[in-house]
Amino acid sequence: MIAYYKRELLSYFRSPTGWVAMALYAIISGFFFSSWIPSGGFDLSGEFVFVSGILFIVVPIITMRLFSEEKKTGTDVLMYTASSSLSGIVVAKYLAALTLFLLMNITLLIHMLILLIFGGEINAVTVGSLFGLLLLGAVFIAIGTFASATTENQIIAALLSFTVILLSRFVFIFSEQFRSITVGILSALNVFGISSERIASAGNGVRDAMNWLDPYAKVDDYFIGVFRIQPIIFCVSVIVFFLFLTYRLMEKRRWSQNG
Amino acid sequence: MIEIKNVSKYYGDKLALNNVSFEVRDGELLGLLGPNGAGKTTLMNILTGFLSSTSGTVSIDGHDILEEPAEAKRNIGYLPENPPLYPDMTVREYLRFVCELKKIPKVSREKAIAEALSLVKIFEVSGRVIRNLSKGYKQRVGLAQAIISKPKILILDEPTIGLDPRQIIEIRNLIMSLKGKHTIIFSSHVLTEIQSVCDRVVIIFDGKRVAIDTPLDLASRMIGPKRLSLTVASESEYIGDALRSIEGIKRVTVVRSEDGNVQYELLLEPSADVRRDIFFSMASNSWPIVEMRSNEPSLEDVYLGVTSLAERKGGSK
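What you see is a predicted model; the values in this text were computed from it and never measured.

Novice: Help me understand the overall build of chain A in this model?
Specialist: Helix and strand counts for chain A stand at 14 helices and zero strands. Moving toward the C terminus, one meets the helices and strands of chain A in the order α-α-α-α-α-α-α-α-α-α-α-α-α-α. With the C-alpha coordinates of chain A rotated into their principal frame, the extents come out at 65 × 65 × 30 Å. Pairs at least 24 residues apart make up 81% of the contacts formed inside chain A by residues separated by at least 6 positions.

Novice: Explain the domain arrangement of chain B here, please?
Specialist: How big an interface is tends to be stated in terms of accessible area lost as the parts join. The domain architecture assigned to chain B consists of domain 1 (2-221) and domain 2 (225-295). A C-alpha centroid distance of 47 Å is found between domain 1 of chain B and domain 2 of chain B.

Novice: Mind showing me how you'd approach unusual backbone geometry here?
Specialist: Residue and element names in this part refer to chain B. The backbone phi angle of asparagine 6 is positive, close to 45°, even though this residue is not glycine. Of note in this structure, lysine 150 is not a glycine but carries a positive phi near 50°. Given 15 C-beta atoms within 10 Å, lysine 150 falls into the partly exposed group.

Novice: I'm lost on the sheet that holds strand S11 (residues 227-232) of chain B in this one. Help?
Specialist: Consider a sheet: its strands pair through backbone hydrogen bonds, and that pairing is either parallel or antiparallel. Residue and element names in this part refer to chain B. The four strands lie next to each other as S12-S13-S11-S14, forming an open sheet whose pairing is antiparallel. Whereas interior strands pair on both sides, the edge strands pair on one side only; in this sheet they are strand S12 (249-258) and strand S14 (289-295). For this sheet the average axis-to-axis angle between neighbouring strands, irrespective of direction, equals 20°. As paired elements, S11 and S14 share six bridges and run antiparallel to each other. Bridging across to S14, leucine 230 finds its partner in methionine 292. With respect to the sheet, helix H10 (residues 275-284) is in contact with S11 and S14, its orientation differing from that of S14 by roughly 165°.

Novice: Would you mind showing me how to read the sheet that holds strand S5 (residues 63-64) of chain B here?
Specialist: Residue and element names in this part refer to chain B. Sheet architecture is open: four strands sit in the order S2-S1-S4-S5, paired in antiparallel fashion. Only two strands of the sheet have a single neighbouring strand rather than two, namely strand S2 (14-24) and S5. Sheet topology note: the strand S1 (residues 2-11)/S2 ladder contains seven bridges and is antiparallel. Note on S2: the bridge partner recorded for isoleucine 4 is phenylalanine 22.

Novice: How should the pairing of S11(B) be read in this particular structure?
Specialist: Side chains on a regular strand alternate between the two faces of the sheet. Residues and elements named next belong to chain B. Covered by surrounding structure in S11 are Leu228, Leu230 and Val232 only, the residues Arg227, Ser229 and Thr231 on the alternate face being uncovered. Pairing of S11 with strand S13 (residues 261-268), which is carried by six bridges, proceeds in the antiparallel orientation. Note on S13: the bridge partner recorded for valine 232 is valine 262.

Novice: Hey, could you run me through the packing of helix H4 (residues 55-63) of chain A against helix H9 (residues 124-149) of chain A in this one?
Specialist: To describe two helices that pack against each other, one gives the angle between their axes and the distance between the axes. All names here are of chain A. The interhelical angle for the contact between H4 and H9, taken along N-to-C directions, is 50°, at an axis separation of 9 Å. Taken together, H4 and H9 sit at an angle that is classed as oblique. For the pair H4 and H9, the crossing hand works out as right-handed. When H4 is examined against H9, the residues Leu55, Val59, Pro60 and Thr63 are found in contact with a partner set consisting of Leu136, Gly137, Phe140, Ile141, Gly144, Thr145, Ala147 and Ser148.

Novice: Quick question: what am I supposed to make of the domain arrangement of chain A here?
Specialist: Residues and elements named next belong to chain A. Taken as a whole, chain A is organised into domain 1 (2-166 + 235-255) and domain 2 (170-227). Between the C-alpha centres of domain 1 and domain 2 there is a distance of 30 Å. The interface of domain 1 with domain 2 comprises 13 residues on the first partner and nine residues on the second. Secondary structure elements with two or more residues in the side of domain 1 that touches domain 2: helix H3 (45-52) and H9. With nine residues, H9 is the largest single contributor of residues to the side of domain 1 that touches domain 2. A breakdown of the residues in the side of domain 1 that touches domain 2 according to their chemical character gives eight nonpolar, five polar and no charged.

Conventions adopted
Residues numbered from 1 in each chain as written. Chains lettered and ligands numbered in written order. Predicted model: local features only at pLDDT ≥ 70, side-chain atom pairs only at ≥ 80, totals over all residues. Helix = DSSP H or I, 4+ residues; strand = E, 2+ residues; numbered from the N terminus. Contact = placed C-beta atoms within 7 Å. Domains from an automatic or database assignment. Buried ≥ 20, exposed ≤ 12 C-beta atoms within 10 Å, placed from the backbone. Pairing = 2+ DSSP bridges. Axes fitted to C-alpha atoms, helices over the stretch in contact; angles between N-to-C directions. Parallel < 35°, antiparallel > 145°, perpendicular 65-115°, else oblique. Left-handed = near helix turned anticlockwise from the far one by under 90°. Nonpolar A, V, L, I, M, F, W, Y, C, P; charged D, E, K, R; others polar.

Set out below in structure tokens:
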């Protein structure tokens, strides 16, 4: 397990991947930082929230090759034939990607340092926003890890995680649409004589259920500096869920009867 | 000992392995022979636990590969057809990684790496990035990966494919040098390679195990009647009759006639040695023999015979 963790980290920095991801992250956050500060903003939380919105670009870069490349080059034979456990390897690869992500966030720490030097202040909102950002990153990396295990094509893996992460940004829009669709269908098919109030509440139920899955809404409280434990439980659950799916997908390949 | 019992494998509707059974004895070098697509790689993947079989069992020293994978896999070193190398690592980094993966204790790691490096003779490239190595060196790094944990069993899938003739000989010698230290299963579709190296041969065709024996026994058992090629420097029309009158010769056919030399092909009774009789018969008629050659059955004949037999059976189904 540690072997794979070390190998993945090494590989990030042997190939352009790690450097490109770090540079991209630094450029985007740096751009925001440099245009935000002169306009009188002394609160970095705005930057962190902004950066959390561009995770759909950064995360696919760091997760796309985790498993897909092993499948493509045939090195996955080592994973299956060594006496190490597959689940450990999945976790190791996830942790390696997460480590790279944490390293990328050193940029943000530097921004905080600069702000402090020039008399800005770090408050609960700043720290909360940074924590929310990291938590979101951890969730999305788990999704990206899973996406990478679904295919042997890095581009497809990247596009898949890109799409899922991007869509998760807009759950609140979809949930609103699904609410009106539900209401529309129920009113049109209203054979049981359900009252319009009940139809409306059914629509709200659909919307709320979808919103419950919105990772951004979950960490919203952190972005305004309120610390709660539920978002952590939610995010960790999602991470465990996707890593488990990844593990099952890898294990399935051994048992597959479809080549 | 490796026991393969009634192993079948389906890929969707396609039957890749059909009820294959055989045993591999400790310390032997077993050749797995078969045309491309016959199921050699599938069988090896099942032996190493990379794939599961649809039915049947594989046990390595009494450990079922799927029931007790950790115990079974500890004894196996596997070199797949494409060596599983990470191109961005140096040879030494890669071998260190493999050591960790195979749970070789930290204290003996450097020693194991040094031994593997010197065994496959790649000490001089140990600091180079794998991406930049030639195919032959990559193959050796793959082999080092397989032998580094000193497994009892080595499974090598087409280890010489894609190498130049010189590299082929080197890899083959390397495998020969490992003989006795490990039980080796080694697949190839190159007959001479198997013939020169292996103790026993398993021929796989169309997913079925069609033959298993030592290369020599396989040849004599499968080939049937012996043949003799005879060239006489005379165009006399009586030669054929003279030959036919010798006891032990079943059939005489003229292969070709050129510059006064006539080449005959003689089909012999299995146990007959008629070379002396032929000499005296020809000599008494002053027909000079310019060439006489007995065609020893080679593994190639066996292979062609066995596979075309299996093909015909398959076709008549």
